[in-house]
Amino acid sequence: MLTSLAAAAAITGAQARPNIIFIFTDDHASHAISAYGSVINQTPHLDRLADDGMLFENAFVTNSICAPSRAVILTGKHSHINGHERNGRIFNGAQQTFPKILRKNGYETAVIGKWHLRSDPTGFDHYDVLLGQGPYYNPVMKSKEGQKKHTGYTTHIITEKTIDWLDARESDKPFMLMMQHKAPHREWEPGPDHIGKFEGETIPEPPDLFETWEDRNFYAVNNEMSIRKHFRMWRDLKLGEAPPSLNEEQAKLWNQHYGPRNAWYETHKPQGDELIRWMYQRYIKDYLRCVQSVDDSVGQVMDYLEENGLDENTIVIYNSDQGFYLGDYGWYDKRWMYEPSMRSPLIVKWPGVTEAGSRTDLMAQNLDLAQTFLEMAGADAPNDMQGESLVPVLRGSEPDDWRGTLYYHYYEYPAVHMVPKHCGVRTDRFKLIFYYESNEWELYDLKNDPREKTNLYADPTWSGIAQNMKRLLKAEQIKYEDHKGPQANFVV
Ligand SMILES: [Ca+2]
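Not measured: the values here are computed from a predicted model.

**Details of the sheet that holds strand β4 (residues 108-113)**
Overall, mixed pairing links the 10 strands, which are arranged β7-β6-β5-β4-β8-β1-β9-β10-β2-β11 in an open sheet. Of all the strands in the sheet, just β7 (146-149) and β11 (358-360) have a single pairing partner and so form its edges. Across the sheet, the mean angle from the axis of one strand to that of its neighbour is 15°, orientation sign disregarded. When strand β9 (residues 314-320) meets strand β10 (residues 346-349), the two strands line up antiparallel, connected through 4 bridges.

**Some thoughts on the packing of helix α2 (residues 44-52) against helix α9 (residues 272-307)**
Helices that pack against each other are described as a pair by the angle of their axes relative to one another and the distance between those axes. Packing of α2 against α9 brings their axes to within 7 Å, and their N-to-C directions diverge by 50°. It follows that α2 is oblique to α9 by the angle criterion. Across the interface between the two elements, Pro44, His45, Leu46, Arg48, Leu49 and Asp52 of α2 pack against Gln292, Asp295, Asp296, Val298, Gly299, Met302, Asp303 and Glu306 of α9. Tallied by class, the residues present in the contact of α2 with α9 amount to 5 nonpolar, 3 polar and 6 charged.

**Some remarks on the pattern of salt bridges**
Inspection of the entire model under this criterion finds 40 salt bridges. The salt bridge partner of Arg48 is Asp303, with a shortest N-O separation of 2.8 Å. On the criterion of sequence distance, the pair formed by Arg48 in helix α2 and Asp303 in helix α9 is long-range, its members being 255 residues apart.

**Observations regarding the sheet that holds strand β14 (residues 422-426)**
As summarised here, the arrangement of the 4 strands in space is β13-β14-β15-β16, forming an open sheet in which the pairing is antiparallel. Bordering the open sheet on either side are β13 (406-410) and β16 (440-445), each of which pairs with just one other strand. Shown here is a sheet whose adjacent strand axes are inclined to one another by a mean of 15°, direction ignored. Where β13 meets β14, 5 bridges bridge the pair, whose relative direction is antiparallel. Each residue of the ladder has a partner; that of Tyr410, found in β14, is His422.

**Quick word on the environment of Thr202**
Mapping Thr202 onto the fold places it in the loop between β8 (175-180) and α7 (218-222). The class for Thr202 is exposed, based on a relative accessible area of 68%. A sequence separation of 83 residues divides Thr202 from Lys285, and the C-alpha atoms of the two residues are 9.1 Å apart.

Scoring rules and cut-offs
- Residues numbered from 1 in each chain as written.
- Predicted model: local features only at pLDDT ≥ 70, side-chain atom pairs only at ≥ 80, totals over all residues.
- Heavy atoms only, no water.
- Pairing = 2+ DSSP bridges.
- Helix = DSSP H or I, 4+ residues; strand = E, 2+ residues; numbered from the N terminus.
- Axes fitted to C-alpha atoms, helices over the stretch in contact; angles between N-to-C directions.
- Parallel < 35°, antiparallel > 145°, perpendicular 65-115°, else oblique.
- Contact = heavy atoms within 4.5 Å.
- Nonpolar A, V, L, I, M, F, W, Y, C, P; charged D, E, K, R; others polar.
- Salt bridge = Lys/Arg side-chain N within 4 Å of Asp/Glu carboxyl O.
- Buried < 20%, exposed > 50% of the residue type's maximum accessible area, 1.4 Å probe, protein only.

Written out as structure tokens, the structure is:
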């Protein structure tokens with residue numbers, strides 16, 4: 001009797017554990033989500049998720065670049081600990097990750113979509129992932145059964161595979177599913193259903209689209225991600241023929257859309273500011289078209305959960321691997337510790353736990369997700385994970401001892417876009433950045449200068465703050481064991 005009661009209790013407990021769906025995108029800046037106040041697009045399905053859950057107004061990454069961000073999320077450890085400091089490394093899949101721990105605790109785990117870590121996924125019952133970056137159209141995907149070529153738009157295919165996996169599963173275990181889109185990563189190739197969106201509209205420009213950085217730091221002047229100078233006209237701005245990866249039907253639609261607009265460019269040959277404006281419109285519309293397909297995907301997954309009675313016991317999280325410059329600071333791309341790329345969107349719907357439509361301004365970081373997922377599932381997090389579980393915040397409390405400082409470290413130099421190695425700390429008011437290979441510093445007052453235009457580091461008025469921030473940097477480097485190397489070579 002006792003045994004069967006205990007077994008029944010165990011089953012009830014197992015059933016009560018929530019499912020987790022982690023919807024993850026690549027390069028989706030929070031300022032291209034209307035729930036975050038976007039002035040350039042509408043994302044009704046992401047807004048619906050925010051209406052049902054909690055939106056983190058201050059969510060950040062530790063290292064604003066694609067594969068390293070993924071490694072941080074899987075391990076709950078900074079890049080220098082998990083060994084994936086820069087793109088191109090091969091992820092050590094033998095190390096501890098949160099999906100492995102969930103699996104040991106009775107969860108069924110799956111990842112579908114972009115993986116980008118070079119080694120095969122480990123810790124998953126099922127995976128079906130793009131090879132490397134993967135294309136926007138007709139991707140080859142790899143599963144435990146081998147590689148398979150698909151026809152169609154990659155955002156649609158990843159969504160369909162996600163829903164198919166949910167539909168086919170027979171296990172009574174709770175599940176943790178990662179649906180990871182390629183979109184809206186460069187080269188921003190729109191899907192067939194949104195390729196004509198925004199036509200005839202003028203998307204608002206950011207206030208610093210024409211920034212040249214001439215009297216500012218050397219690297220920012222010389223990096224290779226400016227709207228002004230660094231687009232590839234063929235792939236980024238779609239001048240010329242359709243990409244060869246498209247089939248005949250897809251190419252026909254592509255050429256119908258881009259052909260007449262390319263003819264306008266060839267006739268008018270805009271120059272100077274007019275050219276920058278034209279390139280910005282061309283870029284941002286394609287970026288937003290890709291976002292629109294992602295937003296549709298979020299809606300389709302949420303609809304599926306509701307229609308199949310899964311919505312009440314499934315946590316849905318939306319996040320991106322980092323932010324992005326949408327013409328902000330005169331740029332596209334990411335990498336810098338500046339706000340547009342250090343930030344990422346983070347929205348969590350946890351039915352019965354998060355208050356619908358709530359927001360928090362506490363600082364969260366992608367480093368926190370592994371421990372958050374484990375606590376959601378009732379599993380213990382290992383002591384060597386370096387983040388903070390967001391569960392208390394999701395439950396509605398604002399812990400007094402919540403972190404006041406974020407640590408950041410970017411490594412990928414020299415490399416594409418030529419953004420220097422740097423590290424730094426951010427508080428809710430100030431940001432200190434250290435370019436340790438040239439011993440240069442920047443200090444920004446985020447309250448009075450949110451777009452980081454005035455470097456206060458050498459200003460005597462701010463020397464006390466600079467000193468305090470250096471102390472914080474030293475303390476964070478010790479805390480996260482990143483205190484041996486050139487990034488720690490400074491005196492406070
Ligand atoms: Ca990315």
